Amino acid sequence: MTVLKDRFERTIDYMRISVTDRCNLRCIYCMPVGGLPPIEHKEILRYEEIAQIISTAARVGVKKIRITGGEPLVRRNIPHLVKLIREIGCIRDVSLTTNGILLERYADALAEAGLNRINVSLDSLRPDRYREITRGGDLKAVFRGLQAAEKAGLNPVKINMVPIRGVNDDEISDFSRMTLGSPYQVRFIEFMPFGLRETWATEKFIPSEEIRSVAEKIGTLRPVVMKKAGPARYFKYGGAAGVLGFISPLSNHFCGECNRLRLTADGKLRPCLFSETEIDIRSALRSGASDAEIERLIRLSIEVKPEGHNMQIGNTKIRSFREQTRQMSKIGG
Ligand code: SF4
């Protein structure tokens with residue numbers, strides 16, 4: 001089996017694929033009120049092109065795929081893409097990150113197409129606040145989506161929450177309590193200094209350690225070893241149905257174990273979330289490049305993958321906001 005290592009001896013076996021920059025929400029830390037100028041339709045990779053790239057990536061060692069956006073479920077017939085990816089040998093795991101609004105509609109079709117698991121981004125359990133943060137989102141729709149995903153056998157269902165001081169940090173306990181009775185994996189992800197400049201402030205950042213100390217007020221948390229933990233550290237309350245995860249990209253950054261590449265909706269390979277380096281794979285594909293050439297570009301993106309994000313924060317000292325030429329909705333979270 002092919003194993004691909006980068007310059008820093010990291011095995012690269014995971015590709016995150018953004019299938020669209022469109023979103024049906026307008027989260028305050030992600031998009032301006034009026035949205036962002038969309039990528040032109042003709043620039044967006046077709047499903048067959050995505051499958052061709054994954055097929056080549058699989059030959060050089062990629063085994064796991066995550067479909068992201070924008071909001072991936074706003075793109076037509078995502079189950080068809082899942083099916084195409086599933087047909088590629090060597091791909092062992094296909095997952096999807098969604099805001100959950102359309103999940104009720106698509107959960108069964110996604111599961112039937114072979115999707116293994118789902119992550120739902122959810123930053124508030126209070127209908128009014130949720131509507132405010134997402135500029136109009138309906139929390140009930142997300143809950144119906146979570147139930148539909150569970151019923152469809154998408155396992156595990158992970159809920160990703162980003163605690164932001166002064167915005168939703170008073171809900172850490174409520175999110176933690178969700179794991180007492182439901183088999184969800186609730187994961188707290190540290191707020192990161194990119195997205196919209198005006199919403200970032202160092203004071204809004206809450207380190208994982210602090211989030212965990214709030215969760216520990218509910219009960220003792222015992223470490224749990226999970227099979228596919230990725231960068232998260234997992235814990236569980238005694239007798240709980242679900243688990244709590246903590247992802248610390250800043251306070252305990254995991255670049256040393258990073259195994260991922262990103263493919264943007266318009267066909268650029270990005271070796272690192274925090275790097276501006278992009279390799280244009282779409283132009284090569286559309287000008288009839290051979291599989292060998294596509295493979296060369298994938299290998300090149302691994303060769304130029306940086307060691308990490310260099311946002312050394314020591315004891316929670318964070319460098320300033322990271323200006324990106326692309327917004328997150330155009331890179332894929
Ligand atoms: S910052 Fe770059 S190297 Fe570090 S974990 Fe994220 S993608 Fe990987």
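For the structure, check the block above.
Let me begin by describing the structure that accompanies this report. Every value quoted in this text rests on a predicted model; they were computed, and no experiment measured them.

Our next topic: the site of the ligand. Lining the immediate surroundings of the ligand are R10, F254, C255, C258, C272, L273, F274, K305, G308 and H309. Split into classes, the residues belonging to the shell around the ligand amount to 6 nonpolar, 2 polar and 2 charged.

This part takes up the pattern of salt bridges. A complete count under the given rule lists 22 salt bridges for this structure. Here R10 ties to D6 by a salt bridge, and the two come within 2.7 Å at their closest N and O atoms. R165 is the partner of E210 in a salt bridge, and the nearest nitrogen-oxygen pair spans 2.8 Å. Linking E210 in helix α7 (residues 208-215) with R165 in the loop between β5 (157-161) and α6 (172-181), this pair joins segments that are 45 residues apart in sequence. Residue classification places E210 among the partly exposed positions, given a relative accessible area of 31%. Linked by salt bridges that have partners in common, R126, R129, D170 and E171 make up one network.

Most of strand β6 (residues 185-189) is tucked away, with 5 of its 5 residues classed as buried. Burial of the side chains of β6 extends over both faces: Q185, R187 and I189 are buried on one face and V186 and F188 on the other. When β5 meets β6, the two strands line up parallel, connected through 4 bridges. Across the sheet, residue N160 finds its bridge partner in β6, namely R187. For the crossover from β5 across α6 to β6, the handedness is right-handed. Sheet topology places β6 next to strand β9 (residues 243-247); 5 bridges connect them, and they run parallel. Each residue of the ladder has a partner; that of V186, found in β9, is L244.

Rules of the game
Residues numbered from 1 in each chain as written. Predicted model: local features only at pLDDT ≥ 70, side-chain atom pairs only at ≥ 80, totals over all residues. Heavy atoms only, no water. Near = heavy atom within 4 Å. Nonpolar A, V, L, I, M, F, W, Y, C, P; charged D, E, K, R; others polar. Salt bridge = Lys/Arg side-chain N within 4 Å of Asp/Glu carboxyl O. Helix = DSSP H or I, 4+ residues; strand = E, 2+ residues; numbered from the N terminus. Buried < 20%, exposed > 50% of the residue type's maximum accessible area, 1.4 Å probe, protein only. Pairing = 2+ DSSP bridges. Right-handed = clockwise from strand over helix to strand, strands pointing away.

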